[in-house]
Amino acid sequence: MNTPPAPYPVGTPGTPWGDAERAEWLSRQPRQRSYEADVLSVIERLRPSFDVEEYGRLDYGPDSYRLFAIRSRDWRDDLPVVLVTGGVHGYETSGVHGALQFVEQHGLDYADRVNLLVAPCVSPWGYERIHRWNPHAIDPNRSFRDGSPAEESAALMRLVAPVRDRVLVHIDLHETTDTDETEFRPALAARDGKPFEPGEIPDGFYLVDDSENPQPGFQQAVIAAVEQVTHIAPADGNGEIIGSPVVAPGVIEYPLKELALCASITSAPYKTTTEVYPDSPRATPGQCNAAQAVAVCAAVDYALAHR
């Protein structure tokens, strides 16, 4: 007989959170790592070869975070734009460091072919607290819409707005972790006053395509490249990954715009969301970062070949 999960420690089961519950939840989120030491120091190393732009600032109580994007040094209006975003969910470590690794190791390979625009850590508060949400218990990756309630999302949309119709490919770098099941999904259910329904965490890398404009060849090109670095998640017993039907090996689809996901913010013909599984006994942190960087390279290579 399965033991039902213990109630989430904040709030009353069945009752959505109010201000008091959000404040209690916030009090439980200590800083666990440094955005300045881990992320901004790497961005500084890139300044000799790339332009670095401050595109916003987040002021959360005593904490203030400067938001930075990395651009191609010789930006040309006749070239397509490649948008890479990481750390929309701040706790998803390889999304942040994979984006930086791509720029550092491969960015100059695309000079004279594309304009790179990379926002490596969209949610620095979440990065430091190793959390999915911002301090208002809002998920930035369900907030990419007009009048966004998440400052992280609104700042990124302002950054991208001038080039949104010139973006050829947008790749948004994420992770699916064991803590999705032990912390973040239970917290979401508690916040919204709903029952928590346990799910299954896929073991391996997968992609999320746009169900409104699927690009199966593009997705499979990314899967084929990443497969050389880390393993691809199999479908579960229902033929699904995290509750969505698997449409091709390692690929599911979401309606990106309807869900206000980051990958919906441009009119790029090629877009995808990566999902790395860092908790697998078959993957190391180095492999996870490399998988993200390889995914970006494969996405750009395919898009350039099929313009």
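Scroll up a little and you will see the structure.
Analysis parameters
Residues numbered from 1 in each chain as written. Predicted model: local features only at pLDDT ≥ 70, side-chain atom pairs only at ≥ 80, totals over all residues. Heavy atoms only, no water. Helix = DSSP H or I, 4+ residues; strand = E, 2+ residues; numbered from the N terminus. Polar contact = N/O pair within 3.5 Å; in protein donor to acceptor, adjacent residues only side chain to side chain. Contact = heavy atoms within 4.5 Å. Axes fitted to C-alpha atoms, helices over the stretch in contact; angles between N-to-C directions. Parallel < 35°, antiparallel > 145°, perpendicular 65-115°, else oblique. Phe/Tyr/Trp six-rings, centres within 6.5 Å; stacked < 30°, edge-to-face > 60°. Buried < 20%, exposed > 50% of the residue type's maximum accessible area, 1.4 Å probe, protein only. Lys NZ or Arg CZ within 6 Å of the ring centre and 35° of its normal. Pairing = 2+ DSSP bridges. Salt bridge = Lys/Arg side-chain N within 4 Å of Asp/Glu carboxyl O. Left-handed = near helix turned anticlockwise from the far one by under 90°.

A. Up close: the side chain of K271. Within the element layout of this structure, K271 appears in strand β10 (residues 270–276). Among the polar contacts made by the side chain of K271, one reaches the main-chain carbonyl oxygen of T266 at a distance of 3.0 Å. If we skip the residues at most four places from it in the chain, K271 touches H170, D209, D210, F218, Q219, L256, A263 and T266.

B. The arrangement of the packing of helix α2 (residues 35–46) against helix α3 (residues 93–106) in detail. Following both chains from N to C, one finds α2 and α3 inclined at 10°, their axes separated by 11 Å at the closest point. It follows that α2 is roughly parallel to α3 by the angle criterion. Contacts from D38, V39, V42, I43, R45 and L46 of α2 reach α3 at V96, H97, L100, V103 and E104.

C. Main features of the packing of aromatic side chains. This structure, assessed with the given rule, holds ten aromatic pairs. Seen in terms of ring centroids, Y91 and F184 are 4.3 Å apart; in terms of plane orientation they differ by 45°. Their pairing is tilted. You can see Y91 sitting in the loop between β3 (81–86) and α3 and its partner F184 sitting in helix α6 (residues 178–191), a full 93 residues away along the chain. By the burial criterion, Y91 is buried, and F184 matches it. Cluster of aromatic residues (ring-pair linked, three or more members): Y8, W17, W25, W125 and W133. Here the guanidinium or amino end of R191 rests over the ring plane of W133, the centre of that ring lying 5.0 Å away.

D. Main features of the sheet that holds strand β9 (residues 251–254). Ordered in space as β1-β2-β4-β3-β5-β10-β6-β9, the eight strands form an open sheet in which the pairing is mixed. Both edges of this open sheet fall to β1 (50–60) and β9, since each of them pairs with a single strand only. Averaged over all pairs of adjacent strands, the angle between strand axes in this sheet comes to 20°, irrespective of strand direction. Here β3 runs beside strand β5 (residues 167–175); their pairing, made up of six bridges, is parallel. Looking at β5, one finds that G86 is bridged to L173. Strand contacts of α3: β1, β2 (63–72), β3, β4 (115–119), β5 and β10, with the helix running at about 135° to β5, the strand carrying the most contacts. Of the strands in this sheet, β3, β5 and β10 touch helix α8 (residues 285–305), which is tilted by about 165° from β5.

E. Examining the pattern of salt bridges more closely. If you walk through the whole model with that rule in mind, you get 19 salt bridges. In this structure, the salt-bridge partner of D192 is R191, at a minimum N-O distance of 2.9 Å. On the basis of relative accessible area, D192 is assigned to the partly exposed category, the value being 29%. Residue classification places R191 among the buried residues on the basis of a relative accessible area of 16%. When salt bridges with common partners are traced through the structure, they connect R31, D63, E128 and R129 into a single cluster.

F. Highlighting the packing of α3 against α8. Running from N to C, α3 and α8 point in directions that differ by 60°, and their axes come no closer than 8 Å. Accordingly, the angle class assigned to the pair α3 and α8 is oblique. Handedness of the α3/α8 crossing: right-handed. Residues S94, G95, H97, G98, Q101, F102 and H106 of α3 form the contact with α8, whose participating residues are C288, N289, A290, Q292, A293, V296 and C297.

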